[in-house]
Structures are given as structure tokens and as C-alpha cells.
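The primary structure of each chain is shown beneath.
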Amino acid sequence: MPSRRLKGLVLAGGKGTRLRPLTYTTAKQLVPVANRPILWYALDSLVAAGIDDIGIIISPETGESIKKSVTAWKPSGVKITFIVQSEPAGLAHAAKTAEAYLDNSAFVMYLGDNLIQSGLLPLVEDFRKNTADAQILLKPVENPQAFGVAELDAAGQVIHLEEKPKEPKSNMALVGVYLFTPVVFEAIAKIKPSPRGELEITDAIQMLITMGKIVQSHPMEGWWLDTGKKDDLLEANRMVLDDYCQTNIQGSVDSQSQLRGEVEIGVGTIVKNSIIQGPVRIAENCVIEDAYIGPYTSIASGCQISKAEVENSVFLENCVVSGLQSRLEQSLLGQGCLLTKAPGQPVGYRLMLGDHSVAEIG
Ligand code: DAU
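Being a predicted model, the structure only gives us computed values, none of them experimental.

Enquirer: Before we move on, can you summarise the packing of aromatic side chains with the specific residues and values?
Expert: Within this structure, the stated rule accounts for 4 aromatic pairs. Plain terms: the ring middles of F107 and F180 are 5.6 Å apart, the flat faces sit at 50° to each other, and that makes the pair tilted. With a gap of 73 residues between them, F107 in strand β6 (residues 106–111) and F180 in strand β11 (residues 172–180) connect regions that are remote in the sequence. Neither residue differs from the other here; F107 and F180 are each classed as buried. Look at F107 and F185: their rings are 5.9 Å apart centre to centre, the planes differ by 20°, and that puts the pair in the stacked class. With a gap of 78 residues between them, F107 in strand β6 and F185 in helix α7 (residues 184–190) connect regions that are remote in the sequence. F185 matches F107 in its accessibility class, with the two residues each being buried. Through a chain of ring-to-ring contacts, three or more aromatic side chains come together here, namely F107, Y178, F180 and F185.

Enquirer: Residues and numbers for the site of the ligand, please.
Expert: If you check the shell around the ligand, you find 29 residues, and the closest are G13, Q85, E163, K164 and L174. A distance of 2.9 Å separates an oxygen atom of the ligand from a polar side-chain atom of Q29. A distance of 2.7 Å separates a nitrogen atom of the ligand from a polar side-chain atom of Q85. Relative to its unbound accessible surface of 700 Å², the ligand loses 97% to contact with the protein. Contributing elements (two or more residues each) for the shell around the ligand: β1 (6–12), β11 and β13 (224–226). Ranked by residue count, the leading element in the shell around the ligand is β11, at 3 residues. Grouping the constituent residues of the shell around the ligand by class yields 11 nonpolar, 10 polar and 8 charged.

Enquirer: Please give an account of the pairing of strand β5 (residues 79–84) that cites residues and values.
Expert: Here is the key point about a regular strand: its side chains alternate between the two faces of the sheet. Sheet topology places strand β4 (residues 53–58) next to β5; 6 bridges connect them, and they run parallel. Looking across to β5, one finds that I54 is bridged to I80. Handedness of the crossover joining β4 and β5 through helix α3 (residues 63–73) is recorded here as right-handed.

Enquirer: Give a detailed account of the side chain of S313, specifying residues and quantitative values.
Expert: Mapped onto the elements, S313 comes out in the loop between β23 (304–311) and β24 (314–315). By relative accessible area, S313 is classed as buried at 0%. A distance of 2.8 Å separates a polar side-chain atom of S313 from the backbone oxygen of E311. There is a polar contact of 3.1 Å between the side chain of S313 and the backbone nitrogen of S331. Beyond its immediate sequence surroundings of up to four residues, S313 is in contact with L234, N237, Y296, T297, S298, L328, E329, Q330 and S331.

Enquirer: An account of the nonpolar core is needed here, citing residue identities and associated values.
Expert: I54, I56, I66, V108 and L120 are the most contacted members of the largest nonpolar core, which has 38 residues in total. Within the residue set of this core, elements represented by two or more residues are β1, α2 (38–48), β4, α3, β6, α6 (121–129) and β11. If you tally residues by element for this core, the top one is α2, at 5 residues. Sequence-distant contacts of I54, that is, excluding residues within four places in its chain, are made with G8, V10, L43, L46, V47, V78, K79, I80, T81 and Y101. Counting 36 residues, the second-largest nonpolar core is a separate cluster that includes A95, A150, L161 and I188.

Cut-offs applied
- Residues numbered from 1 in each chain as written.
- Predicted model: local features only at pLDDT ≥ 70, side-chain atom pairs only at ≥ 80, totals over all residues.
- Heavy atoms only, no water.
- Phe/Tyr/Trp six-rings, centres within 6.5 Å; stacked < 30°, edge-to-face > 60°.
- Helix = DSSP H or I, 4+ residues; strand = E, 2+ residues; numbered from the N terminus.
- Buried < 20%, exposed > 50% of the residue type's maximum accessible area, 1.4 Å probe, protein only.
- Near = heavy atom within 4 Å.
- Polar contact = N/O pair within 3.5 Å; in protein donor to acceptor, adjacent residues only side chain to side chain.
- Areas by Shrake-Rupley, 256 points an atom, 1.4 Å probe, with all protein chains shown as cover.
- Nonpolar A, V, L, I, M, F, W, Y, C, P; charged D, E, K, R; others polar.
- Pairing = 2+ DSSP bridges.
- Right-handed = clockwise from strand over helix to strand, strands pointing away.
- Contact = heavy atoms within 4.5 Å.
- Core = buried A, V, L, I, M, F, W, Y, C linked by side-chain atoms within 4.5 Å.

Here you go:
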């Protein structure tokens, strides 16, 4: 049997309401993890699996910013096609919107806000050669109510799928990476919108099973994160820094400063009289002075941090943090946040601030 031609389809539309206020001004797929937009990891992953023809679903609202970001990412030799989905009517609706682009190819559908550790190559290779109509990835989770959930029989065959069930039949969640043949469009044509008003891909896969098609499931190896919420995003940041952060100092560090563990410092960044305990990634043109930057922190370009302790946090571009009396932990700061000392007694800090927020904390 000749091997199947495979395209990629990345879903980068939708609303991103759970990451507000950041997503008032940034598409949720562009929020950075370890200083790189989440979307870039999905694209890297597809390219590493040998897929060089990728469609990206965008929304009318955030499509232009996604296009700009993909232009900054794009490696040569990859064909990218943007497909506008007029409204966020569900994952199956997004796939349907891409039907003409997919042009009868089998495809890997990758949710643009999912991050996975393991490479896709073995799965993609397997799907290229086998006869399954669809292949899904499953992972046990503690909160299956928040996902699509699969019920398996004793032999490990998927017998039933349900989207965000109130009473889940198992703890096996559907990971946001799916492999489909064009027969999925026949299934999508037969489903109706779910109670939340969306055409669900989970319902389409269930329909494939009902139609007697072959739906194979694979256990997902390694970590997997759906970065839809602040704590998931911080967790993703920790995982990526653990796996990929490697000492690389391109800026200047004075003799009063100490760098421990894996620390990356970008071009034009100045570190003075500070301790940086990796894994930490600091991008270009930042100033870090009289500060402690603790493990699992990612700081985007143009930030200034002085007289402050920061740990386990993600800062977007051009934040200013200074004069904090307590350590800033587990925080996610949008672009241009200003966090300075305020009069009064110190309290613990746990923040999620939107772009251009200003916070004065004592
Ligand atoms: O993360 C895995 C889960 O993803 C699965 O377990 C669920 O079965 C699946 O339905 C999906 O659930 P979410 O509620 O997390 O999906 P969300 O609305 O966050 O959308 C996922 C991605 O697809 C995100 O990058 C936005 C994009 N999207 C979403 C919708 C609804 C679109 O491009 N168009 C859309 O219409």
C-alpha cells in the first residue's frame, strides 16, 4: 500500500476567554512559554514529524497577529496556508472550514494551545502506513470533566467518547493532537452542535466509531499541557525550561552577580549585583539589578527588574518590577506591566495582570 500524504492543520482561532485579561490583546496561542509563543511548539512538532504543508486556522480578530508571529517563526521549506474561520463554532467546524485546503489528504490536527513533550514522528509514520481512519492520543488526567473523555473496553479499544462529561466514564482525556483521513468530513456532516453550541471534534470521532470506521488510540508518552489557564501556562513554562533551558550568556553579567544552574541571557541584557538560579530564560535588552531571579522564570525582552525577588513566573515584554518587599511567585505579567513598591505593610503576591496593568504593592 502506498503511504499516505499528510498535511498539518493547526487550530489557532477561538476566543481564549480563560486566559483573560492577557487574551484581550494577545491571541492565546501567542502567549509565551519560556519566551516562545505556544504556537511555535506546535509548528516545530509538525515539522519535526516531516510535515511541510501546514494550514493554520485563524479568527478574524486575532488572525493578523498570528500571521505576524508565524512569519517570525517560519523555517524555510515549509508551506503555510492561513484559513479564516468566521466564528469559533467548534473544533469540528474549524476542520470543516479547512476541507478545501486539505484537498483529500490525511492530516494531523493540532490544537494551537496544546504543548506535548514527545515527538510525533513515530505516530505520524505509523499513520502514514496503516489503515486506520483516525488515530487519537489519550492521557490519564485528574480532572477529566475538563476534556474529551474516552471509554475503553478490556482490550483497550475505544468504545465511547464524550466531550467534557459531568460524570466521566474514565480518566482518559483526549489530547489535542489527532490524525484523520478525509472520512472525518462525512462524520462531521452528521453531527449537531453540542449543548455549548459548538461542533465538537469529540462527537465527530464518536460518529466515526458509530459508522464502523477504525479509530485507533495510543497512550500519550511524556507530559502534555493544555495551556488554557494561568496555572497550566506556568506548569508548561516549568516543563519547557526543565527540558530545554541551557546555559547561554549573550548579555553582560558583572562580577557581583552569581549565575547558578541553567541560565540563558539574551543579547543586550545587563545583569548587575544579582543572583539568578536556573532554569531561567531572560530575553534581550533587559536590565536585572540588585535582584534574585529564581527557578522556572521566563522574562521576555525589554523588562527591568530591580530590588526584587522573582520565582516561578512568566513576564511578557517590557515589564518593570522594582522595590518589592516580598517574593513574587507564580505570577504571569502581561506586556508593559508596572509593579512597584507601595507604602504600607507587605503582603504575599499572587498576580495575574493583563497587558499594561499597573500594580503598586506594599
Ligand atoms: O486540550 C485538549 C482538549 O481540547 C480536548 O480534550 C477536548 O476534547 C477538545 O474539545 C479541546 O477542548 P478545549 O475546550 O480546551 O478547546 P478550546 O476551545 O480551548 O480550543 C482548542 C484550540 O482550538 C485553541 O487553540 C483554539 C482553537 N479553536 C477553538 C474553537 C472552539 C479554533 O481554532 N476554532 C474554534 O472554533
